[in-house]
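Understanding the architecture of this molecule
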Amino acid sequence: MLALLCVIATGWQTASAQTTQRVLTADDRNESERSDTLTGGRVETAEFAREQPDIRLTLNLPSFRLTLWQNGKEVKSYYIGVGVKAHPLYIGDREVNQLIWNPDWIPPSSDWVLGIKGVSPGEVIKASDARNPLGKMKIPLGDRYLIHQAAKATDVGNLVSHGCIRMLLADIYDLSEKIIAARSLPVSRKRIQAAKGSKRMLVVNLDEPMPVDINYDTLVIEEGVLHVYPDVYDRGTNRTAKLRAKLLAANVGESSLSESTLKQILAKGTRRTQFVVETRSIAEGRAVEDGRLLPLIPKRASRRK
């Protein structure tokens, strides 16, 4: 039952344990890892380091962005595809225990599988079989959820799977090799290269689980900038009351937050864009004039193979 179902979630931690010491509420646990609420207004970054095993993954679904953190600092972000509305991505905590090259696929007993010609629930479909949708690699997350290779570049930034996370091949290879290097896992580069060039399965077990945190935050204030992401699962998160509360918590005065202004801010974004504006501009009454629309997925990321 290792389906196209693949998701991430997390062993929940703040974006930097050193940055914030306060007690976290239930609402905080659905905050983006980049939220000023959690980081104190600054996301620390660093170069990836080998043999530094304190690593974890986070994902904020509305931004289609998966991030690898090491020692509490951001070292690499990847853009991904996620589950369709009928098969949404799991929101919550997961963990990584294995990395698998050339994985088998065992179709689950689900209606969507029954609609695929020539595929039967429960059969083992090898990596060499054209019916196997998992590609060259999968990273299990428990409970039949996976991260696996995207079918095509346009999967990134879209609702495309039956509950899984899809990554471009270069990205899932890069992520896996960083996990191996950070944890000093006993697998040689030669074995990895052999797996990449063949259909033979290679399984690498992690010494300790790596936590993964998936959340759903469409209104993110990061380093003094408001990001309004699309509510891709129609969960009703882009509401004026919620936006008002976020801005008040960021010390934007009530006098600057007319209902009309908040509605205009929320109306600016589209399914494939985010609306960004500095909280200072909002406080000074220039939210709409100073704000910008940016693509959810940078063009260079969507072109990677």
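Everything below is about the structure printed above this text.
These notes cover the structure that comes with them. (Residues numbered from 1 in each chain as written. Predicted model: local features only at pLDDT ≥ 70, side-chain atom pairs only at ≥ 80, totals over all residues. Heavy atoms only, no water.)

A closer look at the side chain of Glu 33
Relative to the assigned elements, Glu 33 resides in the segment before α1 (36-39). Judged by relative accessible area, which is 4%, Glu 33 ranks as buried. Only 2.7 Å separates the side chain of Glu 33 from the side chain of Arg 34, close enough to count as a polar contact. In this structure the side chain of Glu 33 is engaged in a polar contact, spanning 3.2 Å, whose partner is the side chain of Thr 58. (Helix = DSSP H or I, 4+ residues; strand = E, 2+ residues; numbered from the N terminus. Buried < 20%, exposed > 50% of the residue type's maximum accessible area, 1.4 Å probe, protein only. Polar contact = N/O pair within 3.5 Å; in protein donor to acceptor, adjacent residues only side chain to side chain.)

Some remarks on the environment of Glu 254
Note on placement: Glu 254 falls in the loop between α5 (240-249) and α6 (259-268). Here Glu 254 falls in the partly exposed class, since its relative accessible area comes to 45%. With 29 residues separating them along the chain, Glu 254 and Ala 283 place their C-alpha atoms 8.8 Å apart. Not counting chain neighbours up to four residues away, the residues in contact with Glu 254 comprise Arg 244 and Leu 248. Of the polar contacts made by the side chain of Glu 254, one reaches the side chain of Arg 244; its length is 2.5 Å. (Contact = heavy atoms within 4.5 Å.)

Quick word on helix α3 (residues 169-183)
When the terminal C-alpha atoms of α3 are compared, their 21 Å separation across 15 residues agrees well with the 21 Å that a helix rising 1.5 Å per residue should span. A large share of α3 lies buried, amounting to eleven of its 15 residues. If you check which residues of α3 are buried, you get Asp 171, Ile 172, Tyr 173, Leu 175, Ser 176, Lys 178, Ile 179, Ile 180, Ala 181, Ala 182 and Arg 183. A positive phi of about 50° marks Ser 184, the residue just after α3. (Expected span 1.5 Å × (residues − 1).)

Thoughts on the packing of α3 against helix α4 (residues 189-196)
In a pair of packed helices, the angle between the axes and the distance between the axes together describe the arrangement. For the pair α3 and α4, the least separation of the axes is 12 Å and the interaxial angle reads 160°. The angle between the axes of α3 and α4 places the two elements in the roughly antiparallel class. Considering the relative orientation of α3 and α4, their crossing is right-handed. Along its contact with α3, which presents Tyr 173, Glu 177 and Ile 180, the element α4 presents Arg 189, Ile 192 and Lys 196. (Axes fitted to C-alpha atoms, helices over the stretch in contact; angles between N-to-C directions. Parallel < 35°, antiparallel > 145°, perpendicular 65-115°, else oblique. Left-handed = near helix turned anticlockwise from the far one by under 90°.)

Observations concerning the packing of aromatic side chains
Taken as a whole and assessed by the stated rule, the structure comprises two aromatic pairs. For the pair Tyr 90 and Tyr 145, a centre-to-centre distance of 5.7 Å together with 40° between the ring planes defines the contact as tilted. A residue pair is termed long-range when its members are at least 10 positions apart, and Tyr 90 in the loop between β4 (82-83) and β5 (92-101) and Tyr 145 in strand β7 (residues 145-149) qualify at 55 residues. In this structure Tyr 90 comes out as partly exposed when scored by relative accessible area, which is 28%. Between the aromatic rings of Tyr 216 and Tyr 233, the centroid separation amounts to 5.9 Å while the plane-to-plane angle is 15°, which identifies the pairing as stacked. Of the two residues, Tyr 216 sits in the loop between β10 (202-215) and β11 (219-222) while Tyr 233 sits in the loop between β12 (225-228) and α5, which places them 17 residues apart along the sequence. Of the two residues, Tyr 216 and Tyr 233, neither departs from the other in class, the shared state being buried. In this structure, Lys 196 is placed above the aromatic ring of Tyr 173, and the distance from its NZ or CZ to the ring centre is 4.5 Å. The positively charged end of Arg 235 is found above the aromatic ring belonging to Tyr 216, 4.6 Å away from the centroid. (Phe/Tyr/Trp six-rings, centres within 6.5 Å; stacked < 30°, edge-to-face > 60°. Lys NZ or Arg CZ within 6 Å of the ring centre and 35° of its normal.)

Remarks on the sheet that holds strand β3 (residues 73-79)
Here eight strands make up an open sheet; going across it, the order is β3-β2-β1-β10-β5-β6-β7-β9 and the pairing mixed. Two strands in the sheet have a free side with no partner beyond their single neighbour: β3 and β9 (165-167). Sheet twist, expressed as the average angle between the axes of neighbouring strands with direction ignored, equals 25°. As judged from the three bridges shared by β7 and β9, these two strands associate in the parallel manner. (Pairing = 2+ DSSP bridges.)

Quick word on the sheet that holds strand β14 (residues 292-295)
Hydrogen bonding along the main chain pairs the strands of a sheet, whether they run parallel or antiparallel. The strand order across the open sheet built from four strands is β11-β12-β13-β14, with neighbouring strands paired in antiparallel fashion. One side of each edge strand has no neighbouring strand; the edge strands of this open sheet are β11 and β14. Averaged over all adjacent pairs, the angle separating strand axes in this sheet is 30°, with direction ignored. Bridging between β11 and β12 involves four bridges; their strand directions are antiparallel.

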